[in-house]
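Descriptive structure summary
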Amino acid sequence: MHGVDLCDTPDAHLGITGFHVFFNHIFFIRSSTTWTPEITHVSEFLLMRLTEDPELKTIFFSLFLSMYLVTVLGNLLIILAVISDLRLHTPTYFFLVNLSFTDVCLSTTMIPKILVNVQTQNQSITYTGCLTQICFALIYVSCENFLLGAMAYDHYVAICHPLRYTVIMNPHLCAVLILISLSISVADALLHSLMVLQLSFCTDLEISLFFCEAVQVIRLACSDTLINNILIYLAAGVFGGIPLFGIVFSYIQIVSSILRMPSSSRKYKAFSTCGSHLSVVSLFYGTAFGVYISSAVTESSRKISVASMMYTVVTPMMNPFIYSLRNKDMKGALRKLFGRISLL
């Protein structure tokens, strides 16, 4: 009795054929457009257009240019005022100088490209330029996040442990906090940029923002983005959550300490010390959460773009006003600086 070769039966041929079709479908090997997404070599992305109206184009260009100049000049004035006044050579103003420098860098990463696109009516940004913008934006946003946490810790030590302030907040600790913030920010930004570099993209290369942002670029990818998404939310939860937790914890301790103060004048002085920082923290995290809430609630890309602009453009512009208008020492340093400039 001869054995039957199972591979020669009609059912076997049908099964093998079906297996090959299934295999090709999973790995996108089949050349038919039904199975394979059209993957293209990416040389540039397209950013969202602000407006097509020539009159509005001039208005938007003037608006963004004014915001950029105010941001740069305002933050540079704070840096120069702190450097020129020896009374402000303290940990509090050391962190403020770094925050102002970070705001200048963040605005420079975003606004000049927006101005060029508005003026030329060309919404394209090169692939390299987009990755560069993503990397530097992540560095500066993350640095600002850590700096706000360090400033909250500085206020906590100043109010809750005033007699040990100079011992705890020594120059070595301040420098270490800055270096740790910068190192983590750079490492996180490079990791995200390298992960985006591995992605393949289809023909739809239009970003729903006025600038390149990691999440929006990842959404355009044809390849698997599961690891990228996990990495982004994990990094945001850890590197964003730790400073935020530190800020909340510091202010719980600060409020508890202030309420135990017997003198109302001391309470007012302590609250005024924290007022500027609390305003900046509220603006920074309020606009940041607004971006994610708006992206989750609304499908309008323009509304998400406006929320993102508040987060990355308006906040750096407002910080100099908050710290100069609510701080007597800063007002005095600025008056001295203007006096010196007028004598030149």
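Here's a quick rundown of the structure. Sequence order sets the numbering: in each chain, residues are counted from 1 along the sequence as written. It should be noted that, the model being predicted, local features are given only for residues of pLDDT at least 70 and side-chain atom pairs only at 80 or more, the latter also being counted only at that level, while totals for whole chains, interfaces and linings use all residues. Excluding hydrogens and water, the side-chain figures rest on all heavy atoms present in the structure.

1. Here's the deal with the overall build of the protein chain
- When its secondary structure is counted, the protein chain shows eleven helices and two strands.
- Element order for the protein chain, N to C, with α for helix and β for strand: α-β-α-α-β-α-α-α-α-α-α-α-α.
- Each residue gets one of three labels from its accessible area relative to the maximum for its type: buried under 20%, exposed over 50%, partly exposed in between, using a 1.4 Å probe on protein chains only. Classification of the 344 residues of the protein chain by burial places 43% in the buried group.
- A fraction of 77% describes how many contacts in the protein chain between residues 6 or more apart in sequence connect residues 24 or more apart. A run of H or I in DSSP counts as a helix once it spans at least four residues, and a run of E counts as a strand once it spans at least two, with each numbered from the N terminus. Contacts are assigned to residue pairs with any non-hydrogen atoms lying within 4.5 Å of each other.

2. Examining the nonpolar core
- Here the nonpolar core consists of buried residues drawn from Ala, Val, Leu, Ile, Met, Phe, Trp, Tyr and Cys, with membership extended through side-chain atoms lying within 4.5 Å. Formed by 94 residues in total, the largest nonpolar core has its most connected members in Phe45, Leu148, Phe201, Ile207 and Met330.
- Once you skip the residues sitting within four places of it in the chain, Leu148 turns out to touch Leu99, Ile247, His277, Val280, Val281, Phe284 and Tyr285.

3. Quick notes on empty space enclosed by the protein
- The pocket and cavity definitions rest on a 1 Å grid over protein atoms only: a 1.4 Å probe that fits but cannot leave marks a cavity, an open set with protein on both sides within 12 Å along at least five of seven lines marks a pocket, and residues lining either have an atom within 4 Å of a point. Grid points are joined across faces, edges and corners, and a volume is the space filled by probe spheres set on the points. For the coordinates displayed, the defined rule picks out one cavity of 30 Å³ or more.
- Contributing to the lining of the largest cavity are Leu47, Met48, Arg49, Leu50, Thr51, Ile114, Asn117, Val118, Gln121, Gln123 and Phe210.

4. So, the packing of helix H4 (residues 127-160) against helix H6 (residues 171-197)
- In contact at an axis separation of 8 Å, H4 and H6 are set at 150° when each is read in the N-to-C sense. Taken together, the axis directions place H4 and H6 in an arrangement best described as roughly antiparallel. The crossing of H4 and H6 is right-handed.
- Classifying every residue of the contact of H4 with H6 by side-chain character gives 21 nonpolar, five polar and no charged. Every axis in this analysis is a line fitted to C-alpha atoms, fitted for helices over the stretch in contact. Angles between the N-to-C directions lie between 0 and 180 degrees. Note on angle classes: values under 35 degrees are labelled roughly parallel, values over 145 roughly antiparallel, values of 65 to 115 roughly perpendicular, and the remainder oblique. By the definition used in this description, the sense in which the near helix is turned from the far one sets the handedness, with an anticlockwise turn below a right angle giving left-handed and a clockwise turn giving right-handed. Each residue is assigned to one class: nonpolar for Ala, Val, Leu, Ile, Met, Phe, Trp, Tyr, Cys and Pro, charged for Asp, Glu, Lys and Arg, and polar for all the others, Gly among them.

5. Some points on unusual backbone geometry
- Residues other than glycine seldom take positive phi values, yet Gln121 does so here, at roughly 60°.
- Along the chain, the position of Gln121 falls in the loop between helix H3 (91-120) and strand E2 (124-126).
- The exposure class of Gln121 is partly exposed, given its relative accessible area of 29%.

6. Description of the state of the cysteines
- The definition used for a disulfide is geometric: two cysteine sulfur atoms within 2.5 Å. Counting across every chain of the model gives two disulfides.
- At a sulfur-sulfur separation of 2.1 Å, the disulfide partner of Cys130 is Cys212. Residues Cys130 and Cys212 share a disulfide whose torsion about the S-S bond is about -120°; that sign makes it left-handed. Pair noted here: Cys130 is in helix H4 and Cys212 is in the loop between H6 and helix H7 (214-219), with a separation of 82 residues, a long-range link.
- A relative accessible area of 0% means that Cys130 is categorised as buried.
- Given a relative accessible area of 1%, Cys212 falls into the buried group.
- The disulfide that involves Cys202 links it to Cys222, with 1.1 Å between the sulfurs. Taken together, the residues span a long stretch of sequence, with Cys202 in the loop between H6 and H7 and Cys222 in the loop between H7 and helix H8 (226-259) at a distance of 20 residues.
- Overall, the relative accessible area of 18% leaves Cys202 in the buried class.
- Looking at the protein chain, its bonded cysteines, counted consecutively from the start of the sequence, adopt the pairing 1-3, 2-4.
- Its sulfur unpaired, Cys274 is 8.8 Å from the next cysteine sulfur, which belongs to Cys160.

7. Quick notes on the packing of H3 against H6
- Following both chains from N to C, one finds H3 and H6 inclined at 25°, their axes separated by 10 Å at the closest point. When the axes of H3 and H6 are compared, the pair comes out roughly parallel. Classified by chirality, the crossing of H6 by H3 is right-handed. Counting all contacts with H3, which are made through Pro91, Phe94, Phe95 and Asn98, the residues of H6 involved are Cys174, Ala175, Leu177 and Ile178.
- Residues of the contact of H3 with H6, tallied by class, amount to seven nonpolar, one polar and no charged.

8. A look at the packing of aromatic side chains
- Aromatic pairs are defined between Phe, Tyr and Trp rings, using the six-membered ring for Trp, whenever the two ring centres lie within 6.5 Å; interplanar angles under 30 degrees are classed as stacked, those over 60 as edge-to-face, and all others as tilted. Counted by the stated rule, this structure contains eight aromatic pairs.
- For the pair Tyr127 and Phe201, a centre-to-centre distance of 6.4 Å together with 75° between the ring planes defines the contact as edge-to-face. Of this pair, Tyr127 sits in helix H4 while Phe201 sits in the loop between H6 and H7; the two residues are 74 residues apart in sequence, bridging distant segments of the chain.
- Between the aromatic rings of Phe245 and Phe249, the centroid separation amounts to 6.4 Å while the plane-to-plane angle is 20°, which identifies the pairing as stacked. Of this pair, Phe245 and Phe249 both sit in helix H8, four residues apart, which is roughly one turn of that helix.
- On the basis of relative accessible area, Phe245 is assigned to the exposed category, the value being 60%.
- Aromatic ring contacts, followed pair by pair, group Phe45, Tyr127 and Phe201 into a single cluster.

9. Remarks on the environment of Gln133
- Mapped onto the secondary structure, Gln133 falls in helix H4.
- Considering only alpha carbons, one finds Gln133 and Leu106, 27 residues apart in sequence, at a separation of 9.7 Å.
- With residues near it in sequence (within four places) discarded, Gln133 still touches Thr109, Met110, Lys113, Ile125, Phe211 and Cys212.
- Engagement of the side chain of Gln133 in a polar contact is seen with the backbone oxygen of Thr109, the distance being 3.0 Å. Under this definition, polar contacts are N or O atom pairs within 3.5 Å; protein pairs additionally need one hydrogen-donor-capable and one acceptor-capable atom, and for neighbouring residues in sequence, both atoms have to be side-chain atoms.

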